[in-house]
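Geometric and topological summary
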Amino acid sequence: MSRSKLVIIGNGMAGVKCVEEIIALEPDTYEIVIYGNEPRPNYNRIMLSKVLQGEHSLQDIIINDWTWYAEHHIRLCTGETVHRIDTRGKYIETESGLKETYDVLILATGSSPFIPPIPGIDKERVMSFRTIDDCTRMSDYSKTYRKAAVIGGGLLGLEAARGLLHLGMEAVVVHNAPYIMNRQLDQKAATMLQQELEGQGMSFLLAKNTQKITGRSQVQGLQFTDGSKLEAQVVIVAVGIRPNVDLARRSGIATNRAIMVDDYMRTSVSGIYAVGECAEHRGISYGLVAPLYEQGKVLARTLCGQETPEYKGSIPYSQLKVSGVDVFSAGEISGEGMQTAIQHLDGIQGTYKKVLMQAGKVRGAILFGDTTEGPALLGLLQRGADVAELAPREGAPDPAEMAAAALPAQETVCACNNVTKVAIMKAIQEQGLETADQVKEQTKASGSCGGCRPMVAALLKHTHNLKNNGGTGVVATPDKPAPMPVCSCTDLGHAELKGILADINVLETGLPDISLILQKLGWGSELGCSVCRPVIHYYLQVSGGTMVVRELEGHSEIQVRWDDQIPISSYARDARGLAAQLRASWIGAAMPSPVNVGVAPGSGSLVIALVQDIGLLASPAGWEIYAGGHAEHPVKQGGLLGVAETEVQAATLASACLQWYRQTAWYDEPLWAWTERLGFMSIRETLLDDQLQKELAATLQADI
């Protein structure tokens, strides 16, 4: 049976990654032809700075050599630039006149350096830094010239400057922002990095805008808008990239900033797909390796006719070494409503950590010097975790190891050298590797940019712990991240533990104390720990099993407040009476987390109902009942659950909300976080069912 012909325009990392995935899934489905405009096989563009710095040779950064293409019967056409696509005739044409028909076409044309329209940009010895040939030119220039300027203080500019220093040149980084790497770092982390780089010999001119490049035909220096000048014999322009979309645009394929694709990487033309830096998904085009590889996997499964989750976009992150310094940046590090959740500086160790939040959710993270927590923080970002999960807990598992355990077995850990989790763990087990350096020597993982070294270290620890706990092999983990264990005594997460405890009938099993319950659960310690004991107690209590664990204490704190500092009025008397009623009704009720309840006789009250866990506000219509607010920084306004005409109805709705919270929340989960996890509208619809509302309120009273 004849195979369909798959043609890929672009021999870069994204397109070839997709081909690798297709070969792994369905090696006999397609006749594969790849066109690349460089005269060499697929290589790791990220590692160009390491070549420039003399740490690696060209051969070291080749991802797939010529033999790989031959072994998989892939026809590679190098040094060929495709300039036309006939979408009706389904063929492509190169500038040299070659024509190639296709059944399926993938555009993986990547991007090109953005060259700003600065006067003099076309002078001799002004160049970008994007290809192997660029590395060669820079090396040749260093043999004759000494003074170099790099326009651009982002990652690429810093790496280029570090390479120039290695070549023996003076390197001055010119950046138009107040601090370097301003898209990935805040000012504190950027200052720490700048100080480290200055110690290596690099110089910086910040908040400088280049007005023109001076010299006749050859560059002599830079002139800035403030009138100052800089002498330079070589100028490297590293101010960003621009997706290569001209070919697609000429061919009638829909483009914006890049080639527009849907969640399966399909373009506007049937049978044509786009992947990598040239693709724009939901208004975003990515320039980092991880998102491009995620796109490649989705496209490969789509082309092989296999079910696949759609590509929904990626959390942008960078975990890398900038001139020998570990740096991690993920998510959003600035923007409206962004606030600092955690900030820690260790001047002695030279480390810095900052986690940002928005509306109670983890939104961004910066690590400098020590990036061990990077994978764990990325996991929180990817699932939109509550900031409450950032709080350290005694006895809780190592977050980095948890992230390693949750990683799917076939997931790529080292993008530079294409090393998967299962390959790393297999090498550790079979060869008895003890250190991250040994893993690097045997698998090449972390041997290039070094950005994945923290994950390699976490996998090393995880593999050894599996062995120590009786594990015999690498277990493929599901694509969905594993839930966070309750504590180090167990692998069970809150949902699973709560479900198991709900099924334990204490009277039938005759379990007389906590130790036998833990034994039945296969707990790691006989009596549990300070983290899990109150969790178990609470889950048993809300499922009707409290009689066996009375020696344990859980949360039972409910504070009911009302404002007694206003003139006596009918509203004030009603508020006082309702507050007293609720306090008497709820005293002794165990809660997942302390609950603040505010009863306010009016909008001018000192007790602000809208920023309480449960807030009751007197109004002309009766009572307004709010839930899910909090007064701590950042302040969060609760949502309106409903309006009650009488105090009895108000108390019933508030009691039903508390009972629903008790039954469905995780232990130690604040009520505001619970409303965000379940969704406020879902909670509201549940509680406004009159029959269920009354049953929940009655259950609360019965449990007290």
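Residues numbered from 1 in each chain as written. Predicted model: local features only at pLDDT ≥ 70, side-chain atom pairs only at ≥ 80, totals over all residues. Heavy atoms only, no water.

1. A few points about unusual backbone geometry
To keep it simple, the criterion reads: Under the DSSP-based scheme used, a helix requires at least four consecutive residues in state H or I and a strand at least two consecutive residues in state E, with every element numbered from the N terminus.
Of note, the phi angle at Met-181 is positive, near 45 degrees, even though the residue is not glycine. Here Met-181 lies in the loop between β11 (170-174) and α6 (187-199). Within the chain, Ala-359 stands out as a residue other than glycine whose phi angle is a positive 55 degrees. Within the secondary structure, Ala-359 sits in the loop between β24 (351-358) and β25 (361-368).

2. A word on the packing of helix α11 (residues 421-431) against helix α12 (residues 436-443)
Formally: To obtain an axis, a line is fitted to C-alpha atoms, over the contacting stretch when the element is a helix, and the angle between two such axes runs from 0 to 180 degrees between their N-to-C directions. Roughly parallel means an angle under 35 degrees; roughly antiparallel, over 145; roughly perpendicular, 65 to 115; everything else is oblique. Any pair of residues with heavy atoms lying within 4.5 Å of one another is described as a contacting pair.
Their axes nearest at 10 Å, the elements α11 and α12 cross at an angle of 110 degrees. In terms of axis orientation, α11 runs roughly perpendicular to α12. Packed against α11, whose contacting residues are Ala-423, Ile-424, Ala-427, Ile-428 and Gln-431, the element α12 presents Val-439, Gln-442 and Thr-443 at the interface.

3. Some remarks on the sheet that holds strand β6 (residues 99-101)
Rules: Here the rule is simple: two strands pair whenever DSSP picks up at least two bridges between them.
Taken in spatial order, the three strands of this open sheet run β4-β5-β6, and their pairing is antiparallel. A single partner strand is all that each edge strand has here, and the edge strands are β4 (82-86) and β6. For this sheet the average axis-to-axis angle between neighbouring strands, irrespective of direction, equals 20 degrees. With four bridges connecting them, β4 and strand β5 (residues 91-94) associate as antiparallel partners. When the bridges of β5 are listed, Asp-86 appears paired with Tyr-91.

4. Observations concerning the pairing of strand β2 (residues 30-35)
Applied cut-off: When a residue's accessible area, from a 1.4 Å probe over protein chains only, is under 20% of the maximum for its type it is buried; when over 50% it is exposed; and in between it is partly exposed. Viewed with both strands pointing away, a crossover whose connecting path from the first strand over the helix to the second turns clockwise is right-handed.
Counting buried positions along β2 gives five out of six residues, so the element sits mostly inside the fold. Bridging between strand β1 (residues 4-9) and β2 involves six bridges; their strand directions are parallel. By the bridge assignment, Val-7 is partnered in β2 with Val-33. Of the crossover connections in this fold, the one passing from β1 over helix α1 (residues 13-25) to the parallel β2 is right-handed. Summarising the sheet, β2 and strand β3 (residues 75-77) pair through three bridges and their orientation is parallel. Residue Ile-34 lies in a different strand from β3, and its bridge partner there is Leu-76.

5. Things to note about helix α19 (residues 647-664)
The following threshold applies: The span expected for a helix works out to 1.5 Å for each residue beyond the first.
With 18 residues, α19 ought to run about 26 Å at 1.5 Å a step, and its terminal C-alpha atoms sit 26 Å apart, in line with that. Here α19 lies mainly inside the structure; 14 of its 18 residues are buried.

6. Some details on the nonpolar core
Formally: Among buried residues, the Ala, Val, Leu, Ile, Met, Phe, Trp, Tyr and Cys ones that are joined through side-chain atoms within 4.5 Å form a nonpolar core.
Counting residues in each nonpolar core, the largest one holds 52 residues, and the members touching the most others are Leu-6, Ile-85, Ile-92, Leu-105, Ile-106, Leu-107 and Leu-303. Residue contributions to this core peak at six residues, all from α1. Excluding residues that lie within four positions of it along the chain, Leu-6 makes contacts with Ile-22, Tyr-30, Glu-31, Ile-32, Val-33, Val-104, Ile-106 and Leu-303. Met-127, Cys-135, Val-150 and Leu-185 belong to the second largest nonpolar core, which has 45 residues in total.

7. Quick word on the packing of α19 against helix α20 (residues 671-678)
Applied cut-off: Any residue outside Ala, Val, Leu, Ile, Met, Phe, Trp, Tyr, Cys, Pro, Asp, Glu, Lys and Arg is labelled polar, Gly included; the first ten of those are nonpolar and the last four are charged.
At a minimum axis separation of 11 Å, α19 and α20 run at an interaxial angle of 75 degrees. In terms of their interaxial angle, α19 and α20 are classed as roughly perpendicular. Taking contact as the criterion, the partners of Cys-657, Leu-658, Trp-660, Tyr-661 and Thr-664 in α19 are, on α20, Leu-671, Trp-674, Arg-677 and Leu-678. Class assignment of the residues belonging to the contact of α19 with α20 gives a composition of seven nonpolar, one polar and one charged.

8. Some points on the sheet that holds strand β7 (residues 104-107)
Taken together, five strands build an open sheet; the order of strands is β3-β2-β1-β7-β19 and the sheet is parallel. Two strands lie at the open edges of the sheet, namely β3 and β19 (272-274), each paired on one side alone. Neighbouring strand axes in the sheet, compared pairwise and without regard to direction, differ in orientation by 20 degrees on average.

9. Examining the pairing of β5
With burial as the criterion, each face of β5 is covered, one bearing Tyr-91 and Glu-93 and the other bearing Ile-92 and Thr-94. Two successive antiparallel strands, β4 and β5, enclose a turn made up of four residues, where Lys-90 displays a positive phi of approximately 60 degrees. Pairing analysis gives three bridges linking β5 to β6, with the strands arranged antiparallel. Counted as the bridge partner of Ile-92 is Glu-100 from β6. Hairpin connection from β5 to β6: four residues lie between these consecutive antiparallel strands, with Gly-97 at a positive phi of about 105 degrees.

10. Some thoughts on the environment of Ser-334
Position of Ser-334 relative to the elements: it lies in the loop between β22 (325-331) and β23 (339-346). Placed 22 residues apart in sequence, Ser-334 and Leu-356 show a C-alpha to C-alpha distance of 8.4 Å.

11. Looking at helix α5 (residues 155-166)
Every α-helix winds through 3.6 residues per turn, so residues three or four apart in the chain are directed the same way. The end-to-end C-alpha distance of α5, which contains 12 residues, comes to 17 Å, matching closely the 16 Å that a straight helix rising 1.5 Å per residue would cover. Those residues of α5 that sit buried are Gly-157, Leu-158, Glu-159, Ala-160, Ala-161, Gly-163, Leu-164 and Leu-165. Among the residues trailing α5, Gly-168 stands out with phi positive, at a value near 90 degrees.

12. Examining the packing of aromatic side chains
To keep things clear, this is the line we draw: When two rings of Phe, Tyr or Trp (its six-membered ring) have centres within 6.5 Å they constitute a pair, described as stacked for plane angles under 30 degrees, edge-to-face for angles over 60, and tilted for the intermediate range. Throughout this description, the term charge over a ring refers to an Arg CZ or Lys NZ atom that lies within 6 Å of the ring centre and within 35 degrees of the ring normal.
For the structure shown, the criterion picks out six aromatic pairs. For the pair Tyr-538 and Tyr-667, a centre-to-centre distance of 6.0 Å together with 50 degrees between the ring planes defines the contact as tilted. Residue Tyr-538 is located in helix α17 (residues 532-542), and its partner Tyr-667 is located in the loop between α19 and α20; the two are separated by 129 residues in the primary sequence. The pair Tyr-538 / Tyr-667 is uniform in exposure class, with both members buried. Cluster of aromatic residues (ring-pair linked, three or more members): Tyr-538, Tyr-539 and Tyr-667. Over the ring of Tyr-293 we find Lys-17, and its NZ or CZ is 4.9 Å from the ring centre. The positively charged end of Arg-125 is found above the aromatic ring belonging to Tyr-145, 4.1 Å away from the centroid.

Coordinates in, geometry out; function isn't part of it.
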